[in-house]
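Examining the three-dimensional arrangement
In case you want the letters, here they are:
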Amino acid sequence: MQNKNTISGTKAGKAFQTLGGPSRRTGASTMALPNGGERKTVPSGARTAPQNGLGRTRLARELFGGRYRPGQSLQLDKIAAEYGMDDDSVLKAFDEFQRLGWVTLTGDLCVTVHSPNPKEMKEAYEVRAALEEIAGRTAAAFLKGNTAGLLNEVGAMRAAVRDGSPDACVEHDINFHLAILRASQNDVLVRVWDTLAFDLRIRAVIGKISSEMREVVESHQPIVEALHKGRGREAGLLLRNHVETFSEYIKKSESDSGFHKALRRDLEGAKDVQQAFFPPQSLSIPCLSCETFYKPAHDIGGDYYDFLSLQGGRWGIAIGDVSGKGIGAALIMASLQASLRSQALHPHLDLTTLIGDVNRLVHESSPTHFFASLFYAEYEPATRVLKYVNAGHNPPIVLRAHDGQCAMFHLKPSGMPVGISADSQFTTTTFQLEIGDILVAYTDGITEVENRNAEPWGQRGLENLLRSCSRQTPQQIIKRILDEVSTFADRLPQRDDMTLVVMQVQDDCHV
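Definitions and cut-offs
Residues numbered from 1 in each chain as written. Predicted model: local features only at pLDDT ≥ 70, side-chain atom pairs only at ≥ 80, totals over all residues. Heavy atoms only, no water. Helix = DSSP H or I, 4+ residues; strand = E, 2+ residues; numbered from the N terminus. Polar contact = N/O pair within 3.5 Å; in protein donor to acceptor, adjacent residues only side chain to side chain. Contact = heavy atoms within 4.5 Å. Pairing = 2+ DSSP bridges. Axes fitted to C-alpha atoms, helices over the stretch in contact; angles between N-to-C directions. pLDDT = per-residue confidence, 0-100. Salt bridge = Lys/Arg side-chain N within 4 Å of Asp/Glu carboxyl O. Buried < 20%, exposed > 50% of the residue type's maximum accessible area, 1.4 Å probe, protein only. Core = buried A, V, L, I, M, F, W, Y, C linked by side-chain atoms within 4.5 Å. Phe/Tyr/Trp six-rings, centres within 6.5 Å; stacked < 30°, edge-to-face > 60°. Parallel < 35°, antiparallel > 145°, perpendicular 65-115°, else oblique. Left-handed = near helix turned anticlockwise from the far one by under 90°. Nonpolar A, V, L, I, M, F, W, Y, C, P; charged D, E, K, R; others polar.

**Section: the side chain of Asp 306**
Residue placement: Asp 306 occurs in strand 7 (residues 303-309). A distance of 3.5 Å separates a polar atom in the side chain of Asp 306 from a polar atom in the side chain of Gln 337. In terms of polar contacts, Asp 306 uses its side chain to reach the side chain of Arg 341, at 2.7 Å. Ignoring any residue separated from it by four or fewer positions in sequence, one finds Asp 306 in contact with Pro 279, Gly 316, Ile 317, Ala 318, Gln 337 and Arg 341.

So this is what it looks like as structure tokens:
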């Protein structure tokens with residue numbers, strides 16, 4: 001997904017087009033004053049990137065800190081001059097502020113300030129706490145004995161506190177946390193950080209914690225020490241505690257700030273990010289007709305399915321369910337997918353070893369209370385052999401029509417969910433599929449749907465329905481399941497993420 005911090009297509013983008021953007025012939029940029037006023041030219045080298053960055057930080061801090069009244073109108077050219085920023089940087093900054101709900105840009109190169117709300121900033125920091133705990137656990141393996149860069153950032157933060165420069169301090173604070181995210185080598189975490197604009201949020205609230213600044217800075221030291229020793233779980237918990245403490249300081253502040261609508265918009269962006277991790281609907285597996293369904297309980301969720309094209313014409317088929325819901329579960333889901341893909345797409349001896357490696361990776365990179373059920377199979381179209389490991393997942397059901405009856409085979413679990421223990425053991429099982437067989441894989445959001453008497457639809461409800469489905473297509477089966485679940489729930493709100501993967505072995509397949 002493209003970063004939505006760009007200014008194209010927004011009111012700021014239109015304003016930038018009005019300004020004419022940077023002048024390519026003169027090396028300068030121009031800013032048009034409202035109401036046809038005089039134009040002034042700013043030499044392109046007059047304001048450097050550090051000046052623009054510090055100006056953006058001070059602007060965010062003062063905008064969030066209450067210097068400007070709700071409803072007040074600000075002129076962009078005057079803001080640029082006051083904060084030492086060029087016109088391009090001002091427009092980009094206010095486009096970001098608008099995306100967070102702090103201001104509204106108008107066509108006359110002005111902005112209207114909105115009233116903020118610190119309670120909703122706390123909601124965003126709950127997301128950040130989970131994200132940084134996951135990053136710290138993974139990054140420890142890569143930063144062990146290699147934390148000189150982090151120590152330099154802590155030293156720079158201390159110097160900024162001594163000099164009374166909160167804006168300089170926050171820049172080094174952001175560099176510190178981004179370095180850990182990048183060291184985790186998990187692009188998902190960095191993308192979520194960018195999507196939810198955490199660097200901008202940190203800049204905005206730094207003025208609110210000035211009295212606790214020294215304590216905030218010193219709380220970085222034990223994080224560095226844990227990472228230097230390779231203690232991932234300790235580093236993750238220290239990072240979570242750091243972020244949560246930061247959030248408490250914000251909560252204690254008395255000013256208002258508006259973040260609820262911004263968080264809602266940012267979660268919409270996160271939903272787009274998550275959707276990109278699912279395989280495309282157009283994907284085709286030889287000799288299998290496939291249909292899928294996914295619907296999270298909230299904007300984003302922790303259910304997971306994937307199809308992987310492997311060496312030798314084999315295909316990997318995965319479905320999983322992360323404990324919990326919402327963005328925390330979605331982050332673990334993305335980590336699980338990345339771990340499984342990194343292992344499965346390289347040559348491996350057997351699935352037992354593969355899932356064991358995935359389990360260790362998820363265990364090391366996940367908070368203590370997170371784990372995931374996982375069914376992973378490798379299918380060979382030429383022989384119709386399905387080899388699988390079921391790590392604590394709801395058993396997929398194979399339907400086979402025989403003599404007018406529907407036989408059912410359950411691909412039962414042979415191990416606990418991944419992420420619970422680094423030493424978990426897993427068993428590989430082989431199942432011979434036949435032409436016409438239908439495999440139905442699902443998450444417990446399907447079977448645990450309840451009616452108005454709090455009775456679950458359950459495994460029995462699903463199996464009773466499937467007994468009459470052996471002659472139907474995967475698309476028809478999914479529709480029947482969803483119709484039955486909807487009728488059973490009687491319009492009650494969805495409580496859990498719901499996923500279905502239905503595949504049928506084709507009878508006209510020639511490999």
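**Some thoughts on the sheet that holds strand 9 (residues 372-380)**
What the five strands build is an open sheet, ordered 7-8-9-10-13; its pairing is antiparallel. Lying at the two open borders of the sheet, with one neighbouring strand each, are strand 7 and strand 13 (429-432). Going from strand to strand, the sheet's axes swing by 20 degrees on average, the running direction of each strand aside. Note: strand 9 against strand 10 (residues 385-391), seven bridges, orientation antiparallel. Bridging across to strand 10, Ala 377 finds its partner in Tyr 388. The strands touched by helix 15 (residues 351-365) within the sheet are strand 9 and strand 10, with strand 9 carrying the most contacts at an inclination of about 150 degrees.

**A few points about the environment of Asp 483**
Mapped onto the elements of the fold, Asp 483 is located in helix 18 (residues 474-489). In terms of polar contacts, Asp 483 uses its side chain to reach the side chain of Lys 479, at 2.8 Å.

**Notes on the environment of Gln 506**
The residue Gln 506 is located in the segment after strand 15 (498-505) in this model. Taking C-alpha positions, Gln 506 is 8.9 Å from Pro 286, a pair spaced 220 residues apart along the chain. Contacts of Gln 506, omitting those with residues within four sequence positions, involve Cys 287, Leu 288, Ser 289 and Ile 435.

**Examining the sheet that holds strand 3 (residues 73-75)**
Here three strands make up an open sheet; going across it, the order is 3-5-4 and the pairing antiparallel. Sheet topology places strand 3 and strand 4 (103-106) at the edges, where each strand pairs with a single neighbour. Between one strand and the next, the sheet's axes are offset by a mean angle of 30 degrees, whatever the strand orientation. Both strand 4 and strand 5 (residues 110-113) contribute to a ladder of four bridges, which runs antiparallel. Across the sheet, residue Leu 105 finds its bridge partner in strand 5, namely Val 111. Its contacts with the sheet place helix 3 (residues 76-83) against strand 3, strand 4 and strand 5, and it is angled at close to 70 degrees to strand 3.

**Brief notes about unusual backbone geometry**
Positive phi is not limited to glycine here, since Gln 185 has a value of about 55 degrees. Summarising the element assignment, Gln 185 is placed in the loop between helix 7 (166-183) and helix 8 (187-195).

**Some points on the confidence of the model for the chain**
Per-residue pLDDT for the chain has a mean of 80; in total, 81% of the residues score no lower than 70. In this model residues 254-261 is a low-confidence stretch, pLDDT under 50, and it forms 29 contacts with partners more than four residues away in sequence or in other chains.

**Concerning the pattern of salt bridges**
Tallied over the entire structure, the rule returns 23 salt bridges. The shortest N-O distance in the salt bridge between Glu 62 and Arg 67 comes to 2.8 Å. We classify Arg 67 as partly exposed; its relative accessible area is 43%. Residues Arg 400 and Asp 437 are paired through a salt bridge, measuring 2.7 Å at the closest nitrogen-oxygen approach. Taken together, the positions of Arg 400 in strand 11 (residues 397-402) and Asp 437 in the loop between strand 13 and strand 14 (438-442) put the pair 37 residues apart, joining distant regions of the chain. For Arg 400, a relative accessible area of 14% puts it in the buried group.

**So, the nonpolar core**
Core analysis: the largest hydrophobic core is formed by 124 residues, its most contacted members being Phe 94, Phe 97, Trp 102, Ile 180, Ile 355, Leu 374 and Tyr 376. Core analysis: the second largest hydrophobic core is formed by 22 residues, Cys 406, Met 408, Ile 438 and Leu 462 among them.

**Here's the deal with the packing of aromatic side chains**
Using the criterion set out here, one finds five aromatic pairs in the structure. Taking 5.4 Å as the distance between ring centres and 85 degrees as the angle between the ring planes, the aromatic pair formed by Phe 94 and Phe 97 counts as edge-to-face. Separated by three residues within a single helix, Phe 94 and Phe 97 lie in helix 4 (residues 87-99), roughly one turn from each other. Residues Phe 94 and Phe 97 agree in their burial class; the two are buried.

**A closer look at helix 9 (residues 198-205)**
Most of helix 9 sits out of view: seven of its eight residues are buried. For helix 9, the complete set of buried residues consists of Phe 198, Leu 200, Arg 201, Ile 202, Arg 203, Ala 204 and Val 205.

**Observations concerning the packing of helix 6 (residues 148-162) against helix 7**
Helix 7 packs onto helix 6 with a crossing angle of 165 degrees between their chain directions and a minimal axis gap of 8 Å. Relative to helix 7, helix 6 is oriented roughly antiparallel. Remark: the crossing between helix 6 and helix 7 carries left-handed chirality. Together, Leu 150, Glu 153, Val 154, Ala 156, Met 157, Ala 160 and Val 161 of helix 6 and Ala 168, Cys 169, His 172, Asp 173, Asn 175, Phe 176, Ala 179 and Ile 180 of helix 7 make up the contact between the two elements. Residues belonging to the contact of helix 6 with helix 7 are distributed by class as follows: eleven nonpolar, two polar and two charged.

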